[in-house]
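If you want the building blocks of each chain, they are given just below.
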Amino acid sequence: MEERKMLLALTLAIFALASADVSKRTIETVLYPDCSRYQSCLDRRDQNASDPNDNYPNLVYIRAMAKKDILHYVMTTVDLPSILMVHTTGSDAARLNFDWDRLLLANNETDMADAINATGGGDIMYTYAVVFSRLIEYNDLHDSANLANVNQSDSSLWNITDFTQFRWMNLTLGQGGKSVIFNTSYPQPKPYGNNTSGSLSFEFEINDDDGRDTDLPRLIYNANNTQFNFVLDHYVPNFNKSRFALEMTVIANQSSKAMQVVETKSIDDEFSPGVFRVVNWYTRGNGDDTGYIQWKPVCYLGPHRARDVGTELMYYNLQEPTKVKGLEGLMGKSLARAFYGEDLSNSKLVAQMSSNVSFGLSEDGFYLKNNYTVWTASVGYGTAPVEAISTTVIIIIAAGLGIPVVIIIFGGIYVCIRKRRNGYQKIDDGLTNSYPNLN
Amino acid sequence: MSEEEKTPLITEVEGKPESDPGCTGGICNPKNCIHRYFPVLVIMCFLSFGSYFCYDNPAALQDTMLKDLNLTEGKFMLFYSLYSWPNVVLCFFGGFLIDKLFGVRLGAIIFSVFVTIGQVMFAFGALTNTFWLMGLARFIFGIGGESLAVAQNAYAVKWFSGRELNMVFGLQLSFSRVGSTVNMNIMQPIYKLFDENVHGYKCLGLALFVGAGMCLFSLFCSLFLAALDKRADRVLKRSKVGGEEIRMRDVKDFPLTFWLISIICVAYYVAVFPFVGLGLVFFEMKFSMSPTSANAVNSLVYIVSAVASPFFGFLIDRTGKNIFWVIIGTTVTLGCHALLAFSFVSAYVGMIVMGLAYSVLASALWPMVSLIIPEHQIGTAYGIMQAIQNLGLAVISLVAGIIVDSSGYLVLEVFFMAWLCLALIAGVLLYLSDVAKGGRLNMGAKKRREMVAALEAEQQRLADQARIATENNASIDEKPSIN
C-alpha cells in the first residue's frame, strides 16, 4: 500500500516535471521577422554597412519547440538590448507577430506599446523579459569595487550611459542559428574617435538539450534556458580607476509572487575553480515554473578564461524600477513596453524589479589592467539547474583519503597486536645496539 | 654523544680550559650555558637572516619590479625558479661539501659569501636594468642560500645536540619567518624613500642594495660564529675524530629511519607551502573575504609558526617522544585541511591551528636526524633532506597549479590531504622501524638525557684511556720523569 502511494507520487512528480522541463527542443531562428511587410524595417535592415552611423534594429525571433510546449525567445537591440521569453502550449502555429512601424517609428505620440503580439493559437503560460538598460562606469578611487561605497552625489565620479545611445552593428548569427551576437562600438558620436577598436557586446547561446558549458564558469544548461555573455573588450574607460557595472531589469506577468535572489554555497568548485557560489534570481520563487537568471559570482578579465584572470562579480538588492532615477522612462522605450504595453505600469498584472551587477574585486587592478571583462549567465524557465558534487570527485575523495585511512587503521591494529605479543622487553634490550653508534 | 658534539655543560673535560685574555666572564666562556645562548644562538639565528630576507625581495617589490624593469609575469617568476630548481640538486652537494671538504665553519662562510655576492649582483642588475645579470644573480644567490641553511642546521646540531635542539630548530624556523616578514613589510617603504630622489629601475637597484646590506650582516655573523666555534673547539678540546671521512657511497647506508623522515618532510611540506601559495583566491572566493583579510589569513601559518615554534620546540625538548609529536602535527594539519575543504567554518580557525601544527612538526622533525646520523655525515643528511624537499615543493607547486585550474580547490585539497596521509603512514612506519631499532627517536626526554649522559661518560672514559696511553707513550719517548 505504502509502496503504491510512493509510486503514484513519483509518477505525478515526473508528469509535473515534464510539463515545464523538457530535455530536447527543436530550434527555429528567424531574423527580422515580418520585416518585409514594413518599409521602416527594410530601410534600416538593408542600410549600407559601411555607413559610420550604422545602427541596425537587430531582432531575432527564436522558437524552441517541444511536443507539448514552445519557448519563444525574442532578442533585440532595438533601443535597449533585451530578451523576451514567452512560454506557450504546443500548437505549431503559435507564434509572435511584430509591428515594425511601432517598434521603429515610435515618437512622442505613438509609442512601442503592443508592437509584439502572440497569435496562432496556443495559450500563453508565462512570460518574462530581461532588459539591460544602462552601462555604469565609476571612478573607484578607494578601490572598494562596490557601487554602494562610491559617492552617489558626486557626478564627476560617474559616467552612466543608457544603451539607447549606442549604435549597434549588424548582428552575427552562428552555430546554425543557435548563437546570436550583438555588437556595438561606442555611444555616438564616438567620444574617442573612430579608430578605437574597443567594443561592448551581448552574446546569446540558445540551448536545445542538456549539458554543461565548456567555457568557465561552466554553467549547466538545458533545453529550457539560454546563456548570455556580456563582454567589454578594450572599451576605453574614462578614468584610470574605472570599474563597470550593468543595470538590468526583469519583468514578468505575475502579481502575487515576489521576485527574489537566492545564493547557494557549495564546497565543490570542480567545474569553476575558485567559485563556490551560485546565484539564482527567480521571477516567482524557487520552483519548476519560474523564470530565472542564474550566474556564478565571477567574471573574467581575459578572453582566455582561467582562474587567474577571474575576479568577483557583485550583485545588489532588488529595487523597483520606478524608484530608480531615470529607469522608468527607459523601460517605456524597451522591448517590455513593446510586449506588455499598458500592462507594464499595472503592478497587478506585471511585476518588475531591477538590480545592478558590478565587475571586479579590490586589488584586481581595475578594468584598465586587462581592458577586458566577460560575464556569463543563463536565462531560463522551469527548474534552475542545480550543481552537485560529481561522481568523479567523490571517487577521488574516496581513493585519495580512503586508501590511506584503511592503511593506517590496519597498520595501527598490526602495531597493537605486535606490541601485545612482544611487550616492551625486547625494545629495551635493543636500546644501544640497533642504531649505529654515533661516532 | 660524540666527541666533537660535546658541549661543556654536562661533562667536565679534564684539564684546564684555556681562556682568552681579557674575556673570562660567563658570556665569553664556552663552558657556560649563557655563552651557548648568547652570543652563539643569537648569531646562529642571524646567520641566514640575510638570505631569508632577500629570498622574497622580488615578491615584496613585485609591482614595482614589473613596472620598472618592464617584466612579464613569466620573466618575474624566473627569479624564483632560478633559485629553487638548481637547489633540487645543489644543496645536497652543499651539505656533502660541508662534511667532506669545508667543515661547517668554512662552509657557512663560503655560502654566506655566495649569498652576498648573489644579492649584490641582483641589485646591480636592477640598477643597470640588465635582466640576464639578475637571473644569474638569483642562481648564485640560490647556490648559497639553501646550503647556508644546511650549514646552519649542522651548527645547531654541533652546539645543541642532546639538549635544547628542538627549541633551537624552532627558533631558527621562527627567525626565517621573521626575516621574510620584515622583508615583506619594509621593502616597499624603503623603495618609496629612495623614490624621492631616484626613480625607476635605479631606485629599485638601490632598494635591493639594502637587502645586500642584510646579507653582509649575515656574512659577518658567519665569520664571528666561526671564530667562536673555533675557540670553543680549542677551549673544550673538541677535536675531529680521525678516520671518519664521509664518502658519497655512505649515503646508501643511511638508515631506513632517515629516509622515512625525509618522506615525512617532503609529504608534509608540499601540503602546506603550495597551499599557501594558492590560498589567496581560495579565501577570497570560498569565504567571501576582502583581498586584505584573505591575505592576512593566508599568511597566518607563517606568523603563527614564527611565534609558536620556539615554544613548541621547548616543549618537545622537555617531553621527548619526537615521533608522536610528528604524528600529532600531521594529523592536526590533515584535520585543518579537511575543515577548509569540506566546511565553511571560519578560515581563521583552520589556518591558525595549521600554523600551530606546522610549528610542532617542524620543531620535532628536523632534530631527529641528528639522533640517527653520525655528526661527520650530518651536513650530507640535511643536504639530502633539503634537496628532496626542494624537489617536492618545485614539482608539487606546478602540479597543484594545474590541478586547481582544471579541477578546482576541492580536488586540490583532497590532493594535499592525500600527501598528508602519506606523511602519516611514513610517520607510523617510522615509529615501527624506530621501535625495532631500540626506540631512540621516540624516547622520552628523561630517558634520552640518561642515555646521552651514559654515552658521554663512556666515550669520556675511552677518550681518557686513549689520552693516557698516548701520554704514556710520549713519556716513554721523551723520558720526562713525572707523568
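Per an unreviewed UniProt entry, chain B goes by the name Lysosomal dipeptide transporter MFSD1 and belongs to Littorina saxatilis. You can read under Subunit (unreviewed entry) in the UniProt record for chain B the words "Homodimer. Interacts with lysosomal protein GLMP (via lumenal domain); the interaction starts while both proteins are still in the endoplasmic reticulum and is required for stabilization of MFSD1 in lysosomes but has no direct effect on its targeting to lysosomes or transporter activity."

Under the annotation held in an unreviewed UniProt entry, chain A carries the name Lysosomal protein NCU-G1 and is attributed to Littorina saxatilis. Under the UniProt heading Function (unreviewed entry), the note attached to chain A is "Required to protect lysosomal transporter MFSD1 from lysosomal proteolysis and for MFSD1 lysosomal localization." Turning to chain A, the UniProt record has this under Sequence similarities (unreviewed entry): "Belongs to the GLMP family."

**Q** Outline the packing of aromatic side chains, supporting the account with residue identities and numerical values.
**A** Residues and elements named next belong to chain B. Here the structure, examined in full by the defined rule, presents 61 aromatic pairs over all chains. Positioned above the aromatic ring of Y80, the side-chain terminus of R138 is 5.3 Å from the ring centre. The ring of F122 has R138 sitting right over it, with the charged end atom 5.5 Å from the ring centre.

**Q** Report on the UniProt feature "coiled-coil region" (unreviewed entry) in chain B, specifying residues and quantitative values.
**A** UniProt records the feature "coiled-coil region" (unreviewed entry) at residues 445-472 of chain B, using the numbering of this structure. For residues 445-472 of chain B, helix accounts for 100% and strand for 0%, while the C-alpha atoms at its two ends are 40 Å apart.

**Q** Tell me about helix α10 (residues 256-269) of chain B, residues and numbers included.
**A** Residue and element names in this part refer to chain B. Taking 1.5 Å per residue as the helical rise, α10 with its 14 residues ought to reach 20 Å, and the 20 Å between its terminal C-alpha atoms agrees with that figure. Buried residues dominate α10, accounting for 11 of its 14 residues. Residues of α10 that are buried include every one of T257, F258, L260, I261, S262, I264, C265, V266, A267, Y268 and Y269, and no others. Considering only its buried residues, α10 is in contact with α11 (273-286), α14 (322-342), α15 (347-372) and α16 (378-437).

**Q** Residues and numbers for a nonpolar patch on the surface, please.
**A** A contiguous nonpolar patch, built from V405, V406, I409, F410, I413 and I417 of chain A and spanning about 550 Å² of accessible area, is present on the exposed surface. Tracing the backbone shows V406 of chain A in helix α7 (residues 391-422).

**Q** Could you give an account of the environment of M285 of chain B, naming the residues involved and the relevant values?
**A** Inspection of the secondary structure puts M285 of chain B in helix α11. For the pair formed by M285 of chain B and R105 of chain B, sequence separation is 180 residues and the distance between their alpha carbons is 49 Å. Excluding its chain neighbours within four sequence positions, the residues that come into contact with M285 of chain B are G274, V275, F276, R277, P297, V298 and E312 of chain A.

**Q** Can you tell me about the pattern of salt bridges, naming the residues and giving the values?
**A** All names here are of chain A. Tallied over the full model, the rule gives 23 salt bridges over all chains. D34 serves as the salt-bridge partner of R95, at 3.5 Å between the closest nitrogen and oxygen. Of the two residues, R95 is situated in strand β5 (residues 95-98) and D34 in the loop between β1 (26-31) and α2 (39-45); the sequence distance between them amounts to 61 residues. Judged by relative accessible area, R95 falls into the partly exposed class, the value being 29%. Under the relative-accessibility criterion, D34 is labelled buried at 16%. Between E387 and K296 there is a salt bridge; the shortest N-O distance is 3.2 Å.

The rules we used
- Residue indices follow the written sequence of each chain, beginning from 1 at its first position.
- Whichever chain is written first becomes A and whichever ligand is written first becomes 1, with later ones labelled in order.
- Selection of residues for local features in this predicted model requires a pLDDT of at least 70, selection of side-chain atom pairs for listing and counting requires 80 or more, and totals for whole chains, interfaces and linings are taken over all residues.
- Water and hydrogen atoms were dropped before computing side-chain values, which therefore reflect all heavy atoms in the structure.
- UniProt positions are given in the numbering used here, feature names are shortened, and annotations may be inferred rather than shown by experiment.
- Only centres within 6.5 Å qualify two rings of Phe, Tyr or Trp (six-membered ring in Trp) as a pair; their planes then separate them into stacked at under 30 degrees, edge-to-face at over 60, and tilted for everything else.
- Cation placement over rings: the criterion is NZ of Lys or CZ of Arg within 6 Å of the ring centroid and within 35° of the ring normal.
- Each helix corresponds to a stretch of at least 4 residues labelled H or I by DSSP, and each strand to a stretch of at least 2 residues labelled E; elements are numbered beginning at the N terminus.
- Helix span is expected to be 1.5 Å times the residue number reduced by one.
- Exposed residues in this analysis have more than 50% of their type's maximum accessible area, buried residues have under 20%, and partly exposed residues fall in between, with area computed by a 1.4 Å probe over protein chains only.
- The contact definition used throughout considers only heavy atoms, calling two residues in contact when any of these lie within 4.5 Å.
- Within the patch definition used here, like charges are joined within 9 Å and nonpolar side chains (Val, Leu, Ile, Met, Phe, Trp, Tyr) within 5 Å, considering only residues with over 30% relative accessible area and no salt bridge.
- Per-residue and other accessible areas were derived by the Shrake-Rupley procedure at a 1.4 Å probe size, with only the shown protein chains allowed to occlude residues.
- Take a side-chain nitrogen of Lys or Arg and a carboxyl oxygen of Asp or Glu: if they are within 4 Å of each other, that pair is a salt bridge.

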